[in-house]
Amino acid sequence: MGRLFQVTLEGKFYTCKHCKTHLALCDDIVSKAFHCKDGKAYLFSKVVNVTIGVKEDRLMMTGLHTVADIFCVACGSIVGWTYETAHEKSQKYKEGKSVLERGKLRGPDGSSYWVSHEVQAHFGGSDQDDV
């Protein structure tokens, strides 16, 4: 295995909750109104230090999307997904952006977000609220 190079972020940022690898800047949050099966999720315009999994079509609450799971480059934990293609015209703004699941992150202050067992899962995958 080769040498692993990681981007070090400056300012306020989110990290992997398992290994504290830098993942995204607070300033790159597009929306905090996303949800995943385990609770809250945030849409980011840019993420770093992730590897991208296999692309697949997923039917989400706002329609069909081609997405790929994203994994922490250091520890391999799944941290969210990235939008490759949005098939609905109104959802095109998501293309090229990534969602990080809040329960898989440490916040800018180093705190972990604990997932409540009372959170309801959304059928068909994760997506933004339709409200």
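The paragraphs below set out a description of the structure included in this document.

Each value, and the rule that gives it
- Residues numbered from 1 in each chain as written.
- Predicted model: local features only at pLDDT ≥ 70, side-chain atom pairs only at ≥ 80, totals over all residues.
- Heavy atoms only, no water.
- Helix = DSSP H or I, 4+ residues; strand = E, 2+ residues; numbered from the N terminus.
- Buried < 20%, exposed > 50% of the residue type's maximum accessible area, 1.4 Å probe, protein only.
- Contact = heavy atoms within 4.5 Å.
- Areas by Shrake-Rupley, 256 points an atom, 1.4 Å probe, with all protein chains shown as cover.
- Phe/Tyr/Trp six-rings, centres within 6.5 Å; stacked < 30°, edge-to-face > 60°.
- Pairing = 2+ DSSP bridges.
- 1 Å grid on protein atoms, 1.4 Å probe; cavity = no way out; pocket = protein on both sides within 12 Å on 5 of 7 lines; lining within 4 Å.
- Points joined across faces, edges and corners; volume = space filled by probe spheres on them.
- Nonpolar A, V, L, I, M, F, W, Y, C, P; charged D, E, K, R; others polar.

1. What to know about the overall build of the protein
Secondary structure summary: the protein contains 0 helices and 10 strands in total. Counting helices and strands in the order they occur from the N terminus, the protein gives β-β-β-β-β-β-β-β-β-β. Counting only residues that meet the buried cut, the protein has 40% of its 131 residues in that class. Pairs at least 24 apart in sequence give 49% of the contacts found in the protein among residues at least 6 apart. For the protein, the accessible surface area stands at approximately 7600 Å², while carbon and sulfur atoms represent 51% of it.

2. Here's the deal with the environment of alanine 24
With respect to the secondary-structure elements, alanine 24 resides in strand β2 (residues 22–25). Along the sequence, alanine 24 and lysine 46 sit 22 residues apart, while their C-alpha atoms lie 6.7 Å from each other. Sequence-distant contacts of alanine 24, that is, excluding residues within four places in its chain, are made with Leu9, Phe13, Tyr14, Phe44, Lys46, Val47 and Leu100.

3. Here we look at the packing of aromatic side chains
Scanning all chains against the criterion turns up 4 aromatic pairs. Between tyrosine 14 and phenylalanine 44, the ring centres sit 5.8 Å apart and the planes meet at 75°, which makes this aromatic pair edge-to-face. Of this pair, tyrosine 14 sits in strand β1 (residues 13–16) while phenylalanine 44 sits in strand β4 (residues 39–44), and the two are 30 residues apart along the sequence. By relative accessible area, which is 0% here, phenylalanine 44 ends up buried. Relative to phenylalanine 44, the ring of tyrosine 42 has its centre 6.5 Å away and its plane inclined at 50°; by these criteria the two rings are tilted. For tyrosine 42, a relative accessible area of 9% translates into the label buried.

4. Points about the pairing of strand β3 (residues 29–36)
Two faces make up the sheet, and in a regular strand the side chains alternate between them. Bridge count between β3 and β4: 5 bridges; the pairing is antiparallel. Across the sheet, cysteine 36 pairs through a bridge with glycine 39, a residue of β4. Where β3 folds back onto β4 in an antiparallel hairpin, the turn is made up of 2 residues.

5. Description of empty space enclosed by the protein
Applying the stated criterion across every chain, the model contains 1 cavity of 30 Å³ or more. The space that makes up the largest cavity amounts to roughly 30 Å³. Along the walls of the largest cavity sit Leu9, Leu23, Ala24, Leu25, Asp28, Lys46, Val47 and Val48, which together make up its complete lining. For the lining of the largest cavity, the residue count by class is 6 nonpolar, no polar and 2 charged.

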